[in-house]
Amino acid sequence: MNELFDLFLTFARVGGLTFGGGYAMLPMLQQEVVGKRHWATEEEIMDYYAIGQCTPGIIAVNVATFVGYKNRGVLGAIFSTAGMIFPSLIIITIIAAFLQNFAELEIVKHAFAGIRVCVGVLVLNAVQTLWKKGVVDKATMVIALVVFLGMLLLDVSPIFFVIGAGLAGWLVKKAGGAK
Amino acid sequence: MLYLRLFFEFFKTGLFAVGGGLATLPFLFNMAESTGWFTADTIMDMIAVSESTPGPIGVNMATYAGFTTAGVLGTICATVGLVCPSVIVIIFVYKILEKFKGSSLVNNVFYGLRPAVAGLVACAGLQAVYPSLIRLSEISGLTSLLSAIQWEGIILFVALYFLIKKFKKHPIVWIAASAVIGVVFQFAA
């Protein structure tokens, strides 16, 4: 029971402290889920992200479900997800009820402009970790660069890149193994 | 009945919106048209609020839409509807993965997926942060290049980069500090 509550609280913290959607959550997950709690490894979080990109639903929720289910089964999945959405329910309800012009407030605009720079730096740090774990040879370097440039320059859904990268990984390993 | 319908509409959104928060947008516009629960203008408000508050953007939008439509109980119906398909699908995916764990097929696929995630996240981060560093739309020649550069953003970016490396603090410390700096130095949105 205690660990279920722990899952709820940890994901509530991740959800409540993340500004800017799924990718901005990575530094928080690395801090809370990988570093503090050891509920998943850095590699597992990467795998969950990749799967979360091409399965239905919000990526943050997909990752929460993965971690919760891995540690405490179905109940774990439910508690982690509930934790992840809890801060949103409270904060958005208050804003929708009382602060309709919240996003237009000057102070909010300035604060968020500062936060956006910070999230950029945090994500850059997270990417450096991901890069070290994922880019292990020339083939993986090519995959990472192709995905990065492809996403930047083409208007294509990330699903295609994820599926393509999985396929490429499989083919490279297969060709390498046959040598 | 409205509650059930909210749940169902967002369940559909959660089931078919693949690829994260903003992928729910087309579904919201569609919902606005077919149900009349909210207008396209309200959706623009929802995006603005969802992006400037903590939490997953998709969840924030569902909560906002639920509240606009049916009050506090509506937030719960919409949000739970949105996340239900994720929870169900991921549990199935996890079971399948467990079954094939250690097989060379799964290992080889993930060997390709991990660098792809690094590339995806790098791109998402860059797209979110670059307007704070340079305003591409304001560049029309060499002279305007200098004014398009957001110096205060770049200075904060570089300073934070080194500070975060040096002092291992919780990310929220840096986020809070940046919010204060943004307000004090009147960062442009």
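Residues numbered from 1 in each chain as written. Chains lettered and ligands numbered in written order. Predicted model: local features only at pLDDT ≥ 70, side-chain atom pairs only at ≥ 80, totals over all residues. Heavy atoms only, no water.

Participant: What is the right way to read the interface of chain B and chain A from this model?
Facilitator: Tallying the contact residues gives 83 residues for chain B and 93 residues for chain A. Of the roughly 8,000 Å² buried between chain B and chain A, counting both surfaces, carbon and sulfur atoms make up 78%. Residue Arg114 of chain B is joined to Asp47 of chain A by a salt bridge in which the shortest nitrogen-to-oxygen separation is 2.8 Å. Seen at the junction of chain B and chain A, the total is 14 residue pairs in polar contact (both at pLDDT 80 or more). The set of elements that each furnish at least two residues to the side of chain B that touches chain A consists of α1 (2-16), α3 (40-51), α4 (57-100), α5 (104-133), α7 (151-166) and α8 (171-184) of chain B. With 24 residues, α5 of chain B is the single largest residue contributor to the side of chain B that touches chain A. A breakdown of the residues in the side of chain B that touches chain A according to their chemical character gives 53 nonpolar, 25 polar and five charged. (Contact = heavy atoms within 4.5 Å. Buried area = accessible area lost by both parts, 1.4 Å probe. Salt bridge = Lys/Arg side-chain N within 4 Å of Asp/Glu carboxyl O. Polar contact = N/O pair within 3.5 Å; in protein donor to acceptor, adjacent residues only side chain to side chain. Helix = DSSP H or I, 4+ residues; strand = E, 2+ residues; numbered from the N terminus. Nonpolar A, V, L, I, M, F, W, Y, C, P; charged D, E, K, R; others polar.)

Participant: Mind showing me how you'd approach α7 of chain B here?
Facilitator: If you check α7 of chain B, its first and last C-alpha atoms are 23 Å apart, about what 16 residues at 1.5 Å a residue would give, namely 22 Å. Three or more residues of α7 of chain B are buried, namely Gly153, Leu156, Phe157, Leu160, Tyr161 and Ile164 of chain B. One side of α7 of chain B carries all its buried residues, which in axial view fall inside an arc of 135°. Facing away from the buried side of α7 of chain B by over 90 degrees, the exposed positions are Ile155, Phe162 and Lys166 of chain B. On its buried side, α7 of chain B packs onto α5 (106-134) of chain A together with α5 and α8 of chain B. (Expected span 1.5 Å × (residues − 1). Buried < 20%, exposed > 50% of the residue type's maximum accessible area, 1.4 Å probe, protein only. Arc of directions from axis to C-beta.)

Participant: How should the pattern of salt bridges be read in this particular structure?
Facilitator: Residues and elements named next belong to chain A. Here the structure, examined in full by the defined rule, presents nine salt bridges over all chains. In this structure, Lys70 engages Glu44 in a salt bridge whose closest nitrogen and oxygen atoms are separated by 3.1 Å. Here the residue Lys70 occupies a position in helix α4 (residues 59-98), and Glu44 occupies one in helix α3 (residues 42-54), the gap between them amounting to 26 residues.

Participant: What am I meant to see in the side chain of Glu32 of chain A here?
Facilitator: Secondary-structure assignment places Glu32 of chain A in helix α2 (residues 26-36). Polar contacts involving the side chain of Glu32 of chain A include one to the side chain of Lys36 of chain A, which spans 3.5 Å. Ignoring anything within four residues of it in the chain, the contact list for Glu32 of chain A reads Thr10, Arg13, Val14 and Arg37 of chain A together with His170 of chain B.

Participant: Could you clarify how one ought to interpret the nonpolar core in this entry?
Facilitator: The nonpolar side chains of a soluble globular protein tend to be buried with one another. The biggest cluster of nonpolar side chains holds 108 residues, and the ones touching the most others in it are Tyr49 of chain A together with Phe10 and Phe38 of chain B. By residue number, the principal contributor to this core is α4 of chain B, which donates 17 residues. Here this core gathers at least three residues from each of two domains, domain 1 (2-100) and domain 2 (134-184) of chain B. Excluding its chain neighbours within four sequence positions, the residues that come into contact with Phe10 of chain B are Leu28, Met31, Ala62, Ala65, Ala78, Gly81 and Leu82 of chain B. (Core = buried A, V, L, I, M, F, W, Y, C linked by side-chain atoms within 4.5 Å. Domains from an automatic or database assignment.)

Participant: Can you walk me through the environment of Leu89 of chain A in this structure?
Facilitator: Topologically, Leu89 of chain A is positioned in helix α4. On the basis of relative accessible area, Leu89 of chain A is assigned to the buried category, the value being 16%. Linking Leu89 of chain A and Gly164 of chain A, residues 75 residues apart in sequence, is a C-alpha distance of 36 Å. Residues contacting Leu89 of chain A, with those up to four places away along its chain left out, are Thr63, Thr75, Ile76 and Thr79 of chain B.

Participant: Can you walk me through the packing of aromatic side chains in this structure?
Facilitator: Between two aromatic rings, the relevant description is the distance of the centres plus the angle of the planes. A complete count under the given rule lists seven aromatic pairs over all chains for this structure. Ring geometry for Phe5 of chain A against Phe8 of chain A: centres 6.4 Å apart, planes inclined by 10°, an arrangement best described as stacked. Placement of the pair is Phe5 of chain A and Phe8 of chain A together in helix α1 (residues 2-17), with a separation of three residues, close to one helical turn. Here a set of aromatic residues connected by ring pairs shows up, and it is made of Tyr48, Phe66 and Tyr69 of chain A together with Tyr94 of chain B. (Phe/Tyr/Trp six-rings, centres within 6.5 Å; stacked < 30°, edge-to-face > 60°.)

Participant: Can you walk me through the packing of α2 of chain A against α5 of chain A in this structure?
Facilitator: When two helices pack together, their arrangement is captured by the angle between the axes and the distance separating the axes. Residue and element names in this part refer to chain A. Interaxial distance between α2 and α5 falls to 8 Å at its minimum, and their mutual angle equals 65°. Only Leu122, Val123, Ala126, Thr129 and Leu130 of α5 make contact with α2, whose side of the interface consists of Leu26, Pro27 and Gln30. Residue composition of the contact of α2 with α5, by class: six nonpolar, two polar and no charged. (Axes fitted to C-alpha atoms, helices over the stretch in contact; angles between N-to-C directions.)

Participant: How should I be thinking about the domain arrangement of chain B in this particular structure?
Facilitator: Assigned domains within chain B: domain 1 (2-100) and domain 2 (134-184). A C-alpha centroid distance of 32 Å is found between domain 1 of chain B and domain 2 of chain B.

Participant: So what exactly am I meant to see when it comes to a nonpolar patch on the surface here?
Facilitator: Taken together, the side chains of Leu149, Leu152, Leu153, Leu154, Val156 and Phe160 of chain A together with Leu126, Tyr130, Leu136, Ile139 and Leu145 of chain B define a hydrophobic patch exposed on the protein surface, amounting to about 960 Å² of accessible area. At the level of elements, α6 (138-153) of chain A together with α5 of chain B are the ones that each hand at least two residues to the nonpolar patch. In this fold, Leu145 of chain B is placed in helix α6 (residues 142-148). Residue classification places Leu145 of chain B among the partly exposed positions, given a relative accessible area of 34%. (Patch = residues over 30% accessible without salt bridge, like charges linked within 9 Å, V, L, I, M, F, W, Y side chains within 5 Å. Areas by Shrake-Rupley, 256 points an atom, 1.4 Å probe, with all protein chains shown as cover.)

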